[in-house]
Amino acid sequence: MAVYTQVSDEALSAFLAEYDLGDALSFKGIAEGVENSNYYLETEKGRFILTLFEKRVNAADLPFFIGLKQHLAAKGYPCPQPVMGRDGEALRSLEGRPAVIVTFLEGLSPRRPNVRQCRELGAGLARMHLALQDFAMVRENSLGPKAWAPMWQGRSEAADALQPGLAATVDAAFARIRTARAFSGSLPRGTIHADLFPDNAFFLGDRFSGAIDFYFACTDALAYDIAVCLNAWAFDEGNATDASRLEYNFSKGAALIAGYQSVRILEPAELEALPALCLGAAMRFFLTRLADWSSTPAGALVKPKNPLEYAARLAFHSRMESAEGYGA
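Okay, so let's go over this structure. (Residues numbered from 1 in each chain as written. Predicted model: local features only at pLDDT ≥ 70, side-chain atom pairs only at ≥ 80, totals over all residues. Heavy atoms only, no water.)

Take the state of the cysteines next. Within the structure shown, the criterion is met by 0 disulfides. Of all cysteine sulfurs, the one in Cys229 lies closest to Cys218, which takes part in no disulfide; the gap is 12 Å. Since its relative accessible area comes to 0%, Cys218 is described here as buried. Here Cys229 stays unpaired: no disulfide links it, and the sulfur of Cys118, its closest cysteine neighbor, is 9.5 Å away. Judged by relative accessible area, which is 0%, Cys229 ranks as buried. (Disulfide = S-S within 2.5 Å. Buried < 20%, exposed > 50% of the residue type's maximum accessible area, 1.4 Å probe, protein only.)

Encoded structure:
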């Protein structure tokens, strides 16, 4: 989460008048993350999160995101629920941005996930996939393989400025991705989160208590969601001052995969595709971070994330040949 758009007192008051939530008691920006403007909101009726949609979120996709969370909530899956205004609509406008209020979810996001939390996360991800099996709405992955080459175009010099020789590493990863069957559309598909990083998952102790921030959710290969999570949860810092020195934590990766398979067994084709899917997921986040590195507004209450963290992951996945190397 982050803050790009500032909300005035007058605008907030007029916005809340469209809800039955009472007056605001507390309102403050949330600095984590990089995509949308998010605020913690407490009113006379409880605690909420207010999101203003920025950057990569297409306003036409917002009914999909709202419908997805409503579907999950109806299935009993722990996630924020959109709050309806007096007119029965969840989506509104604030400070010239599409905006929505969602319920507050209890729990804490782990700064350094442990093995038990990784297993719980895997099981929680699989439960999400099963709960969304009958979700009828469809959304193409706007940051899937079709988007990667255009995002990379013209950025090789920026990559080499970050780390000499990085552009060659990226080009080699692209060559492998282009020939991988993992992205042919043949794997089991459904609605995926596509961004389930530790700051988008909540825990009570070591127990998974819910997921937030579904604004990259889309229709894609279910195993791609596992690949995103392995990238986000199973790498440890080898050196806190050097983003390029990350190490794959086999125990965490194995626990995440085992947790997932305790709920939904992966098909042989999904396991075979895992190295390529992990490479593709690393490519997606490397490219968006590289783009953000130079384009984040100077006054934004957000610090862009270092692309080199995902350059290290690209290098690791380029060496992997089988799912066994990830702990499957």
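In this section: empty space enclosed by the protein. Summed over all chains, the structure comprises 1 cavity of 30 Å³ or more. Estimated volume of the largest cavity: approximately 50 Å³. Considering the residues around the largest cavity, the lining is formed by Arg139, Asn141, Ser142, Leu143, Ala194, Phe216, Tyr224 and Arg284. Looking at side-chain class alone, the lining of the largest cavity contains 4 nonpolar, 2 polar and 2 charged residues. (1 Å grid on protein atoms, 1.4 Å probe; cavity = no way out; pocket = protein on both sides within 12 Å on 5 of 7 lines; lining within 4 Å. Points joined across faces, edges and corners; volume = space filled by probe spheres on them. Nonpolar A, V, L, I, M, F, W, Y, C, P; charged D, E, K, R; others polar.)

Tracing the backbone through its elements, the reader meets Asp160 in helix α5 (residues 156-162). Classification of Asp160 as partly exposed rests on a relative accessible area of 34%. Along the backbone, Asp160 and Asp87 are 73 residues apart, and their C-alpha atoms lie at a distance of 52 Å. The residues contacting Asp160, other than those within four sequence positions of it, are Gly165, Leu166 and Ala167. Polar contacts involving the side chain of Asp160 include one to the main-chain amide nitrogen of Leu166, which spans 3.0 Å. (Helix = DSSP H or I, 4+ residues; strand = E, 2+ residues; numbered from the N terminus. Contact = heavy atoms within 4.5 Å. Polar contact = N/O pair within 3.5 Å; in protein donor to acceptor, adjacent residues only side chain to side chain.)

Using the criterion set out here, one finds 20 aromatic pairs in the structure. Here the aromatic rings of Phe197 and Tyr310 are separated by 6.4 Å at their centres, their planes lie at 40 degrees, and the arrangement is tilted. Of this pair, Phe197 sits in the loop between β6 (189-192) and β7 (201-204) while Tyr310 sits in helix α10 (residues 308-319); the two residues are 113 residues apart in sequence, bridging distant segments of the chain. Exposure remark for Phe197: the relative accessible area of 10% places this residue in the buried category. When the ring of Tyr248 is compared with that of Phe316, the centres are 5.2 Å apart and the planes differ by 20 degrees; the resulting orientation is stacked. Placement of the pair is Tyr248 in strand β11 (residues 246-248) and Phe316 in helix α10, with a sequence separation of 68 residues. Across this residue pair, the class does not change: Tyr248 and Phe316 are buried. One aromatic cluster is present, formed by Phe53, Phe64, Phe65, Phe135 and Tyr215 through successive ring pairs. Here the guanidinium or amino end of Arg92 rests over the ring plane of Tyr19, the centre of that ring lying 5.4 Å away. (Phe/Tyr/Trp six-rings, centres within 6.5 Å; stacked < 30°, edge-to-face > 60°. Lys NZ or Arg CZ within 6 Å of the ring centre and 35° of its normal.)

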